[in-house]
Amino acid sequence: MAAWSERLAGVRGVLLDISGVLHDSGEGGGVPIPGSVEALARLKRSQLKVRFCTNESQKSRGDLVGLLRHMGFDISEGEVTAPAPATCLILKERGLRPHLLIHDGIRSEFAQIDTSNPNCVVIADAGESFSYQNMNKAFQVLMELDNPVLISLGKGRYYKETSGLMLDVGAYTKALEYACGIKAEVVGKPAPGYFQSALQEMGVESHEAIMIGDDIVGDVGGAQRCGMRALQVRTGKFSSAADEDSEMIAWCPSAKPSGRKRPAVCKNRSFCPACADPGQTLFQGRGVYEQPLGQRVQEERRWVLTGATQSSLTGRTEFGLGAAGTFSRIKRLRASRWCLLG
Amino acid sequence: MAARRALKAVLVDLNGTLHIEDAAVPGAQEALKRLRGTSVMVRFVTNTTKESKQDLLERLKKLEFDISEDEIFTSLTAARNLVEQKQVRPMLLVDDRALPDFKGIQTSDPNAVVIGLAPEHFHYQILNQAFRLLLDGAPLIAIHKARYYKRKDGLALGPGPFVTALEYATDTKATVVGKPEKTFFLEALRGTGCEPEEAVMIGDDCRDDVGGAQNVGMLGILVQTGMYPLHKPSLKQMVKYTCLKNSLCRNDKAHGAL
């Protein structure tokens, strides 16, 4: 593996995800992840600029920062890029009056926004407020608009609370998209504009920044698409067995053509993917992969290693792959050869 | 397409074709009687997520239709069959009125999720439970995926959006068992011993009834009752249809040329 110093050359700024990186949220605010308070303190002492880039949409920015400070983190409100304030800017700019499907904890962020006679819907992680009645109300508002606008604060699939994995706003956003036949505008990771605004506020160019997060699609993929470097931590949602969801499993060339699940197992040590560096091209070949919405794509691409993880189910190492230049989740790779192309 | 053979079985849609809510389509009873007078087998097929077979039967009997319970095949039956075939213990997110159709199915310690239209179950805690089961590898069985339906107080979300939410969160695909799925029609025919080429489907939904039936090699007849006036098929879609009739009862000249 290349030395850390080499991979981090030129980095001037660090963007940090919060949930799953600094702390695991949950009852009573959650718990800090061991070592993260000290790690943040070290970062702050270094020459690096630090900013927080979160999709937190259950708590207001003030509440979140208060909670983290109570846990011992060195963080202030001005350092946090959060989707609710960003959404308020958009609403004001475009003269939109939202129907809010949100958690009570974040309502204060929208105190200055006119919500009478709504002409759009804003959806955030509403938690317990995701009832059938509330979903239906939002649906009815959208169906009555000539030009339905749905703004979603992030589009995460799920996140980890101390009590287990919870559905995130993305699932409910998809429900409304499907019901109304529309596409939501996402404010939050992995939208490129969101990362860019965070970089701007930090005063760092994308090639000089690294994103640290626990979500391979929202954090790592999104940041890479913006030209940033990215690092996935093995805490938060990563450490759960369920990460196979966002983990792209590579298939061994010797896998049965039926596509039965069989993770790639490195047989030939001379090109063990586990020894490759993230970002390194693993092989070139034809792959069949399925995009999140189910479209199947088959094309010749260079496939790049994005991560490796020990499967908690099989105990074997499974590899994350992405097509160079894009970030798609691969379901199956066929008739491909493993080789390191540099 | 396989060569067409003699007609042996007729599948008839219920809501919109034989009856609309609590009223029979005028003349439908006689039409059914005439059909009974021939040698073809008749099955009644419908997409329902909240009415058990027994409820359907009672309603049809009230409307004086001559129908027996074993002739009815619903999306709930299809879901039950799939649950039995997979030998799983489902978490049932269906309306309480549909539960009789799942009598005898073991539901404790669930390892599958069956999802229909159940507004009282579609909330955060229950959906989280379903989500966690799915992440553990439980199969997701959807009765159907309708986007919304009409209620007295306006439009209301159907099961489709919630199925989509769970699909997105877990990156899986639900097995949909209702019309227009191929397996639905094949399962409905199973008891008759007929091949799809020997059967015809009569319904008011151009996509779910006629289109679905044609996909498995059956003929489809579209009646102009029920949802037809609200969702008229486009001319392009019409060309594909075998036959269009004003209603089940009136023996109009079939638009065979279409």
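Keep in mind the model is a prediction, meaning the values are calculated, not measured.

Draft legend 1. How the structure looks around the overall build of chain A. Broken down by element type, chain A carries eight helices and 16 strands. Expressed as a percentage of its 342 residues, the buried residues of chain A come to 54%. A fraction of 62% describes how many contacts in chain A between residues 6 or more apart in sequence connect residues 24 or more apart. Per element, the accessible surface of chain A, about 15,100 Å² overall, is 50% carbon and sulfur.

Draft legend 2. Representation of the domain arrangement of chain A within the structure. Residue and element names in this part refer to chain A. The domain architecture assigned to chain A consists of domain 1 (4-82 + 194-232) and domain 2 (83-186). Computed from C-alpha coordinates alone, the two centres of domain 1 and domain 2 are separated by 24 Å. Facing the 16 residues of domain 1 at the interface are 19 residues of domain 2. At the boundary of domain 1 with domain 2, total buried surface from both sides reaches about 1,400 Å², with 48% on carbon and sulfur atoms. Its largest share of buried area at the contact with domain 2, domain 1 owes to Ser57, Gln58 and Ala82, together 43% of the area lost on that side. Across the contact surface, domain 1 and domain 2 share six residue pairs in polar contact (both at pLDDT 80 or more). Here the residues of the side of domain 1 that touches domain 2 sort into three nonpolar, seven polar and six charged.

Draft legend 3. Structural detail: the sheet that holds strand 7 (residues 112-115) of chain B. Residues and elements named next belong to chain B. Taking strand neighbours across the sheet as the criterion, the four strands line up as 6-7-8-11 in an open arrangement whose pairing is parallel. One side of each edge strand has no neighbouring strand; the edge strands of this open sheet are strand 6 (90-93) and strand 11 (175-176). As defined by bridge partners, strand 7 adjoins strand 8 (residues 140-142) across three bridges and the pair is classed as parallel. Opposite Val113, over in strand 8, you have Leu140 as the bridge partner. Contacting strand 6, strand 7, strand 8 and strand 11, helix 3 (residues 75-86) crosses the sheet at an angle of about 160° to strand 8. Packing against the sheet, helix 4 (residues 124-135) makes contact with strand 6, strand 7 and strand 8, and its axis sits at approximately 150° to strand 6.

Draft legend 4. Structural view of the interface of chain B and chain A. Tallying the contact residues gives 31 residues for chain B and 35 residues for chain A. Between chain B and chain A lies a buried interface of about 2,900 Å² when both sides are counted; carbon and sulfur atoms form 60% of it. Counting every contact that joins chain B to chain A gives zero salt bridges. Inspection of the region where chain B meets chain A yields 13 residue pairs in polar contact (both at pLDDT 80 or more). Elements represented by at least two residues in the side of chain B that touches chain A include exactly helix 4, strand 9 (148-151), strand 10 (154-157) and helix 5 (159-170) of chain B. In terms of residue class, the side of chain B that touches chain A is made up of 17 nonpolar, seven polar and seven charged.

Draft legend 5. Up close: helix 3 (residues 61-71) of chain A. Residues and elements named next belong to chain A. Within helix 3, burial applies to Leu64, Val65, Leu68 and Met71. Viewed along the axis of helix 3, the buried residues span an arc of 120°, placing them on a single side of the element. Lining the buried residues of helix 3 we find strand 2 (23-24), strand 3 (31-32), helix 2 (36-45) and strand 5 (80-81). Directly beyond the C-terminal end of helix 3, a positive phi value near 110° is found at Gly72.

Draft legend 6. Region of interest: the environment of A:Gly203. Residue and element names in this part refer to chain A. In this fold, Gly203 is placed in the loop between helix 7 (192-202) and strand 12 (209-213). For Gly203, a relative accessible area of 42% gives the class partly exposed. Excluding its chain neighbours within four sequence positions, the residues that come into contact with Gly203 are Arg12 and Lys49.

Draft legend 7. Structural context of the nonpolar core. Judged by nonpolar contacts, the single largest core of 51 residues is most densely connected at A:Met135, B:Ile115 and B:Leu166. Excluding residues within four positions of it along the chain, B:Leu166 makes contact with A:Leu167, B:Ile115, B:Leu127, B:Ala130, B:Phe131, B:Leu134, B:Leu140 and B:Thr172.

Draft legend 8. Just unusual backbone geometry, in detail. A cis amide bond, omega 5°, links A:Lys189 with the succeeding residue A:Pro190. Mapping A:Pro190 onto the fold places it in the loop between strand 11 (185-187) and helix 7. Of the consecutive residues B:Lys179 and B:Pro180, the connecting peptide bond is found in the cis state with omega at 0°. With a phi close to 45°, A:Asn117 is a non-glycine residue in the positive phi region. Position of A:Asn117 among the secondary structure elements: in the loop between strand 6 (98-101) and strand 7 (120-123). Residue A:Asn117 is classed as exposed on the basis of its relative accessible area, which comes to 59%.

Cut-offs applied
- Residues numbered from 1 in each chain as written.
- Chains lettered and ligands numbered in written order.
- Predicted model: local features only at pLDDT ≥ 70, side-chain atom pairs only at ≥ 80, totals over all residues.
- Heavy atoms only, no water.
- Helix = DSSP H or I, 4+ residues; strand = E, 2+ residues; numbered from the N terminus.
- Buried < 20%, exposed > 50% of the residue type's maximum accessible area, 1.4 Å probe, protein only.
- Contact = heavy atoms within 4.5 Å.
- Areas by Shrake-Rupley, 256 points an atom, 1.4 Å probe, with all protein chains shown as cover.
- Domains from an automatic or database assignment.
- Buried area = accessible area lost by both parts, 1.4 Å probe.
- Polar contact = N/O pair within 3.5 Å; in protein donor to acceptor, adjacent residues only side chain to side chain.
- Nonpolar A, V, L, I, M, F, W, Y, C, P; charged D, E, K, R; others polar.
- Pairing = 2+ DSSP bridges.
- Axes fitted to C-alpha atoms, helices over the stretch in contact; angles between N-to-C directions.
- Salt bridge = Lys/Arg side-chain N within 4 Å of Asp/Glu carboxyl O.
- Arc of directions from axis to C-beta.
- Core = buried A, V, L, I, M, F, W, Y, C linked by side-chain atoms within 4.5 Å.

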